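Per-entry structural report
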Amino acid sequence: MKLLDCVNGAKNVLIVGHVRPDGDCFGSGLAMKRILENRGASVDFVVDSVLPEQYSFMKNFNDVNKIKLSSYDLAISVDCADELRLGSYYTTFKNCKASINIDHHATNTKFGKFNFVQDVSSTCEVIYYLLKEDNVFDDVIAENLYTGLSTDTGHFKHNNTTPKTFAMAGDLITYNFNPQYIHDMLYRNNSIKRTKLLAKALNNIRFYKDNRIAIITITSQMLKDCDCIMTDTEGIIDFGMGIGCVDVSVCMTQQAQHSYKVSFRSKNVNVAQSAQVFGGGGHVLAAGCVVNGYYEDCISKILKSITDGMED
């Protein structure tokens with residue numbers, strides 16, 4: 001069944017992105033919102049998180065979390081690998097009589113009534129493939145899809161970038177928006193407070209297994225000192241990946257006294273397996289989870305989950 005067949009007739013739609021949303025979450029959610037509104041539907045797009053200001057440049061960003069509807073006949077999740085990523089909106093999604101799950105994570109649990117899951121670079125790429133022949137894109141939709149594509153490929157640096165990904169980007173930039181502006185807003189627009197947080201994080205980077213593993217830690221106190229929130233940590237992990245000898249970069253962000261949000265990035269090690277040890281998931285070279293316990297114990301458990309999958 002085609003995606004448009006699943007949304008036909010829907011009048012009131014809820015789109016849910018994941019907690020701690022990123023560019024792909026916003027790009028895919030805002031694109032789907034506009035596509036449905038252009039077809040006459042009323043749409044709320046929500047995420048169970050404070051909105052990160054670094055994406056405020058995106059078209060229609062101010063519509064996120066502005067709830068106008070009291071009930072929904074269709075719920076759509078974007079960029080959510082499992083139900084937990086919906087946060088407090090899980091119950092609303094589950095109780096909706098029709099639901100669609102659009103995602104690109106290999107570990108997706110197929111929790112929707114209809115599941116459109118492809119193991120590609122981004123959820124924006126999934127949406128592009130599903131709808132490119134249906135003549136539903138306009139300049140704003142193309143810009144949102146391009147933004148999500150750029151963020152989830154590290155601006156076309158990650159190994160999830162394929163010839164089809166470049167072809168998609170090439171098609172999107174034929175629409176009327178400025179790719180250079182998108183690049184500047186995403187990668188040349190750090191706030192002073194986030195730059196200070198980055199300095200603190202990199203000052204305490206630790207290396208293991210002959211410098212093949214880098215672990216970056218961001219504590220609650222660091223966030224407070226720099227007047228930052230969790231979403232300000234996005235991208236910091238890539239500084240570990242930029243070190244030549246490092247095979248795996250880890251970013252541990254403290255979210256409670258003995259609880260850490262952990263992100264993994266890898267050049268050649270299956271870190272999805274590492275994340276799955278702790279109930280998380282993701283892609284082979286990019287994954288995430290939550291690890292609970294005392295800090296040094298968490299370090300030990302994380303290191304074991306990585307080294308078990310490394311060749312000596």
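Residues numbered from 1 in each chain as written. Predicted model: local features only at pLDDT ≥ 70, side-chain atom pairs only at ≥ 80, totals over all residues. Heavy atoms only, no water.

Looking now at the nonpolar core. Counting 52 residues, the largest nonpolar core has Met32, Ile76 and Leu131 as the members making the most contacts within it. Listed in part, the 22 residues of the second largest apolar core include Tyr208, Ala275, Cys289 and Met310. (Core = buried A, V, L, I, M, F, W, Y, C linked by side-chain atoms within 4.5 Å. Buried < 20%, exposed > 50% of the residue type's maximum accessible area, 1.4 Å probe, protein only.)

Counted under the stated rule, the structure contains 10 salt bridges. Here Lys33 ties to Asp63 by a salt bridge, and the two come within 3.9 Å at their closest N and O atoms. Taken together, the positions of Lys33 in helix H2 (residues 23-38) and Asp63 in the loop between strand E2 (42-46) and strand E3 (74-78) put the pair 30 residues apart, joining distant regions of the chain. Classification of Lys33 as buried rests on a relative accessible area of 4%. Taking the relative accessible area as the measure of exposure, Asp63 reaches 31% and is therefore partly exposed. Taking the shortest distance from any N to any O, the salt bridge between Glu296 and Arg206 comes out at 3.2 Å. Of this pair, Glu296 sits in helix H12 (residues 295-307) while Arg206 sits in strand E6 (residues 206-208); the two residues are 90 residues apart in sequence, bridging distant segments of the chain. Classification of Arg206 by relative accessible area gives partly exposed; the value is 29%. (Salt bridge = Lys/Arg side-chain N within 4 Å of Asp/Glu carboxyl O. Helix = DSSP H or I, 4+ residues; strand = E, 2+ residues; numbered from the N terminus.)

Here the focus is the packing of H2 against helix H4 (residues 123-131). Relative to each other, H2 and H4 sit at 30°, their axes nearing to 8 Å. Our classification of the angle between H2 and H4 gives roughly parallel. When H2 is examined against H4, the residues Asp24, Gly27, Ser28, Met32 and Ile35 are found in contact with a partner set consisting of Thr123, Cys124, Ile127 and Leu131. Residue composition of the contact of H2 with H4, by class: five nonpolar, three polar and one charged. (Axes fitted to C-alpha atoms, helices over the stretch in contact; angles between N-to-C directions. Parallel < 35°, antiparallel > 145°, perpendicular 65-115°, else oblique. Contact = heavy atoms within 4.5 Å. Nonpolar A, V, L, I, M, F, W, Y, C, P; charged D, E, K, R; others polar.)

If you trace the backbone, Glu143 turns up in helix H5 (residues 139-152). When neighbours within four sequence positions are excluded, Glu143 is seen to be in contact with Lys59, Phe177 and Ile182.

This next bit is on the sheet that holds strand E9 (residues 259-266). Across the sheet, six strands lie side by side as E6-E7-E8-E9-E11-E10; this open sheet has mixed pairing. Here the strands that pair on one side only, and so sit at the sheet edges, are E6 and strand E10 (281-283). Sheet twist, expressed as the mean angle between neighbouring strand axes with direction ignored, is 20°. Pairing between strand E8 (residues 248-256) and E9: eight bridges, direction antiparallel. Bridging across to E9, Thr253 finds its partner in Lys261. Against the sheet, H12 engages E6, strand E7 (213-218), E8, E9 and strand E11 (286-292), with an angle of about 145° to E8. (Pairing = 2+ DSSP bridges.)

Centre distance and the angle of the planes are the two values used to describe a pair of aromatic rings. The tally for this structure, following the rule as stated, stands at 10 aromatic pairs. Their ring planes at 50° and their centres at 5.6 Å tell us that Phe26 and Tyr55 sit as a pair that is tilted. Taken as a pair, Phe26 in helix H2 and Tyr55 in the loop between E2 and E3 lie far apart in primary sequence, 29 residues in all. You can call Phe26 buried: its relative accessible area is 0%. An aromatic cluster of at least three residues, connected via ring pairs, comprises Tyr146, Phe156, Phe166 and Phe177. One Lys or Arg, Lys164, reaches over the ring of Tyr129 and ends 4.4 Å from the middle of that ring. (Phe/Tyr/Trp six-rings, centres within 6.5 Å; stacked < 30°, edge-to-face > 60°. Lys NZ or Arg CZ within 6 Å of the ring centre and 35° of its normal.)

Attention now goes to the packing of H4 against H5. In the contact formed by H4 and H5, the axes pass within 7 Å of each other and the chain directions differ by 135°. One finds that H4 runs oblique with respect to H5. On H5, the residues touching Cys124, Glu125 and Ile127 of H4 are Asn144, Leu145, Gly148 and Leu149. Broken down by class, the residue content of the contact of H4 with H5 amounts to four nonpolar, two polar and one charged.

To continue, consider the sheet that holds E2. Reading across the sheet, the five strands line up as E2-E1-E3-E4-E5 and stay open at both edges, with parallel pairing between neighbours. Both edges of this open sheet fall to E2 and strand E5 (114-117), since each of them pairs with a single strand only. The mean inter-strand angle of the sheet, taken between neighbouring strand axes irrespective of direction, is 15°. Of the strands in this sheet, strand E1 (12-16), E2, E3 and strand E4 (99-103) touch H2, which is tilted by about 170° from E2.

Between its first and last C-alpha atoms H2 spans 22 Å; for 16 residues at 1.5 Å apiece the expected length is 22 Å, and the two agree. In terms of burial, H2 is largely enclosed, as 13 of its 16 residues are buried. (Expected span 1.5 Å × (residues − 1).)

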